[in-house]
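# A structural walkthrough
One letter stands for each residue in the lines below.
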Amino acid sequence: MTLREAIESGRALAADGATGTMLQRAGLAMGQAPEVWTLEKPDAIRALAAGYAEAGSDIIYTNTFGGNRIRLRLSGLEDRIAVVNTEAVRLAREAIAASGREIFLVASIGPTGEMLDPYGDLSADEARAAFAEQAALLGAAGVDGFACETFTALEEALLCLGAVKEVAAGRPVFASMAFESSGRTMMGVAPEDAARELSAAGADVVGANCSVGPEVVEAALRAMHEAVPGLRLLGKPNAGLPKVEDGRTVYSLQPEEMGAFVGKVRPLGACILGGCCGTTPAHIREIKRAIGSL
């Protein structure tokens, strides 16, 4: 079964959880790009995917959220963009193969980290080219689908979606934005507008990830459902608001609360359910259990 077939079957799929905060638990320095560890500590990347596979994830994302050329410049890795992206796919594939389960691998593609003109110096053409380059590398490496995730500017999300769809070759593309407690993204985008424009631009699944926690993501998905009935939705919330304790970032949301989130958003058309910052395999295990109990 392909990922597209699984989505179109109407079943709910458990995605994975956090990448960055899980790697920080394993020793990744605060502020260090997770993509660095793809090259320096491949065993940790493989183990991360293996942990989610064991927890029951049906979908695992690649460690490539910041793998576009513009974002990689911050770590001095822009000239190694090909190996950063292809190795991330290879490591995740190895973990999936070792699990013995059918798990789909989705390419994570995040924002450039720069502001688009006229608010910043990055042109739309430069951003689209960066997304197209990364998507082509990930597509050639053999992913099952793509996720344009954690966008706050709708224009940038649409640029990413358009670039990815050019190389998707029939593979499904998710588009997900990060909403704040206000109900809008940091750049003022309302979930209703995101749902309408991203679905019209060809996203197979539209949703919300990161954000503050399940309540904010639930509200965003409810607004999306009302704006575009029948739209397939994705929800990957953070494990609540982070706190710093003894120099460590701690998230307080318990795994059981993530399971409750599933029951609230599944009736809205949410078919991809997972976690973002602060979530662990324990949270995903509860999501998988909740899906099975519906």
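Every chain begins its residue count from 1, and numbering advances along the sequence as written. Note on the predicted model: pLDDT of at least 70 is required for a residue's local features to be given, and 80 or more for side-chain atom pairs to be given and counted; whole-chain, interface and lining totals, by contrast, use all residues. In computing side-chain properties, one takes all heavy atoms of the structure into account and sets aside hydrogens as well as water.

## As for a negative patch on the surface
Patch definition: residues above 30% relative accessible area lacking any salt bridge, with like charges linked at up to 9 Å and the nonpolar side chains Val, Leu, Ile, Met, Phe, Trp and Tyr linked at up to 5 Å. Residue-level accessible areas treat just the shown protein chains as cover; the underlying method is Shrake-Rupley with a 1.4 Å probe. Salt-bridge detection follows one rule: a side-chain nitrogen of Lys or Arg within 4 Å of a carboxyl oxygen of Asp or Glu. His is not counted here, nor are the chain ends, while Lys and Arg score as positive and Asp and Glu score as negative. Charge coordinates come from a single atom per side chain, which is NZ of Lys, CZ of Arg, CG of Asp or CD of Glu. On the surface, a cluster of negative charge is made up of Glu 114, Asp 117, Asp 121, Asp 125, Glu 126 and Glu 155. Note that Glu 126 resides in helix α7 (residues 124-141). Here the term buried applies to any residue with accessible area under 20% of the maximum for its type, exposed to any over 50%, and partly exposed to those in between, with areas from a 1.4 Å probe on protein chains only. For Glu 126, a relative accessible area of 45% puts it in the partly exposed group. Runs of E in the DSSP output that reach at least two residues are strands. Runs of H or I that reach at least four are helices, and both are numbered from the N terminus.

## Remarks on empty space enclosed by the protein
Space inside and on the surface of the protein is sampled on a 1 Å grid over the protein atoms alone, with a cavity defined as a set of points where a 1.4 Å probe fits but cannot get out and a pocket as an open set with protein on both sides within 12 Å along at least 5 of 7 lines; lining residues have an atom within 4 Å of a point. Grid points are joined across faces, edges and corners, and a volume is the space filled by probe spheres set on the points. The final tally for this structure, using the stated rule, is 1 cavity of 30 Å³ or more. A volume near 90 Å³ is recorded for the largest cavity. If you go around the largest cavity, the residues you meet are Asp 16, Thr 19, Ile 45, Leu 48, Ala 49, Tyr 52, Ile 60, Tyr 61, Thr 62, Asn 63, Ala 88 and Ala 92. Those elements that provide at least two residues to the lining of the largest cavity are α4 (42-55), β2 (59-61) and α6 (81-99). It is α4 that contributes the most residues to the lining of the largest cavity, 4 residues altogether. The classification used treats Ala, Val, Leu, Ile, Met, Phe, Trp, Tyr, Cys and Pro as nonpolar, Asp, Glu, Lys and Arg as charged, and all other residues, Gly among them, as polar. Its residues placed into classes, the lining of the largest cavity shows 8 nonpolar, 3 polar and 1 charged.

## Observations regarding unusual backbone geometry
Geometrically, the link from Asp 117 to Pro 118 is a cis peptide bond, its omega value of 15 degrees lying close to zero. Inspection of the secondary structure assignment puts Pro 118 in the loop between β3 (104-109) and α7. Even without glycine at this site, Cys 210 takes up a positive phi of about 65 degrees. Cys 210 gets classed as buried once you look at its relative accessible area, which sits at 17%.

## Let's talk about the side chain of Ser 211
Mapped onto the fold, Ser 211 is located in the loop between β6 (205-210) and α10 (214-227). Side-chain atoms alone can form a polar contact between residues adjacent in sequence; in general such a contact is a pair of N or O atoms within 3.5 Å, and within protein one must be able to donate a hydrogen while the other accepts it. A distance of 2.9 Å separates a polar atom in the side chain of Ser 211 from the backbone oxygen of Phe 179. For Ser 211, the residues in contact, after removing those within four places along its chain, are Ala 178, Phe 179, Val 216, Val 217 and Asn 238. Whether two residues are in contact is decided by their heavy atoms, any of which lying within 4.5 Å being enough.

## Examining helix α9 (residues 191-200)
Inspection of α9 places Pro 191, Ala 194, Ala 195 and Leu 198 among the buried residues, and these make up the whole buried set. Looking down the long axis of α9, one finds its buried residues gathered within 100 degrees of arc, a one-sided arrangement. Close packing links the buried residues of α9 with α8 (154-167), β5 (173-177), β6 and α10. Gly 202 lies just past α9 and shows a positive phi near 105 degrees. This arc corresponds to the set of directions leading from the helix axis out to the C-beta atoms.

## Quick look at the packing of helix α11 (residues 255-265) against helix α12 (residues 281-293)
Helix-helix packing is described using two parameters, namely the angle between the two axes and the distance between the axes. Taken N-terminus to C-terminus, the directions of α11 and α12 make an angle of 35 degrees; their axes are 8 Å apart at the nearest point. Relative to α12, the crossing made by α11 is right-handed. Contacts between α11 and α12 involve Pro 255, Glu 256, Met 258, Gly 259 and Val 262 on the former and, on the latter, Ala 282, His 283, Glu 286, Ile 287, Ala 290 and Ile 291. In terms of residue class, the contact of α11 with α12 is built from 7 nonpolar, 2 polar and 2 charged. Note on geometry: axes are C-alpha line fits, over the in-contact stretch for helices, and angles between N-to-C directions span 0 to 180 degrees. Handedness of a helix crossing follows the sense of rotation of the near helix relative to the far helix, less than a right angle counterclockwise being left-handed and clockwise being right-handed.

## Structural notes on the pairing of strand β10 (residues 270-273)
The pairing of strand β1 (residues 13-14) with β10 spans 2 bridges and is parallel. The residue bridging Leu 13 from the neighbouring strand is Ile 272, located in β10. By definition, two strands form a pair when at least two bridges between them are found by DSSP. Bridge count for strand β7 (residues 233-237) against β10 is 3 bridges, and the pairing is parallel. Looking across to β10, one finds that Leu 234 is bridged to Ile 272.

## Describing α4
Here the expected length of a helix is defined as 1.5 Å per residue gap, with one fewer gap than residues. The end-to-end C-alpha distance of α4, which contains 14 residues, comes to 20 Å, matching closely the 20 Å that a straight helix rising 1.5 Å per residue would cover. Within α4, the full set of buried residues consists of Ile 45, Leu 48, Ala 49, Tyr 52, Ala 53 and Ala 55. Structurally, α4 contributes buried residues whose contacts are with α2 (20-25), α3 (34-40), β2, α6 and α12. With its phi angle positive at about 110 degrees, Gly 56 sits one or two positions after the end of α4.

## Some words on the side chain of Ser 57
Position of Ser 57 among the secondary structure elements: in the loop between α4 and β2. Residue classification places Ser 57 among the buried positions, given a relative accessible area of 0%. In contact with Ser 57, other than residues within four places in its own chain, are Ala 14, Ala 15, Asp 16, Tyr 52, Arg 101, Ile 103 and Ile 284.

## Looking at the nonpolar core
Core analysis: the biggest nonpolar cluster contains 81 residues, and Phe 146, Leu 198 and Leu 221 have the highest contact counts within it. If sequence neighbours within four positions are ignored, Leu 221 has contacts with Gly 207, Ala 208, Leu 233, Leu 234, Gly 235, Val 265, Leu 268 and Ala 270. Put simply, a nonpolar core is a bunch of buried Ala, Val, Leu, Ile, Met, Phe, Trp, Tyr and Cys residues held in one set by side-chain atoms that sit within 4.5 Å of each other. Ranked by size, the runner-up nonpolar core spans 15 residues in total, among them Leu 3, Ile 7, Tyr 61 and Leu 234.

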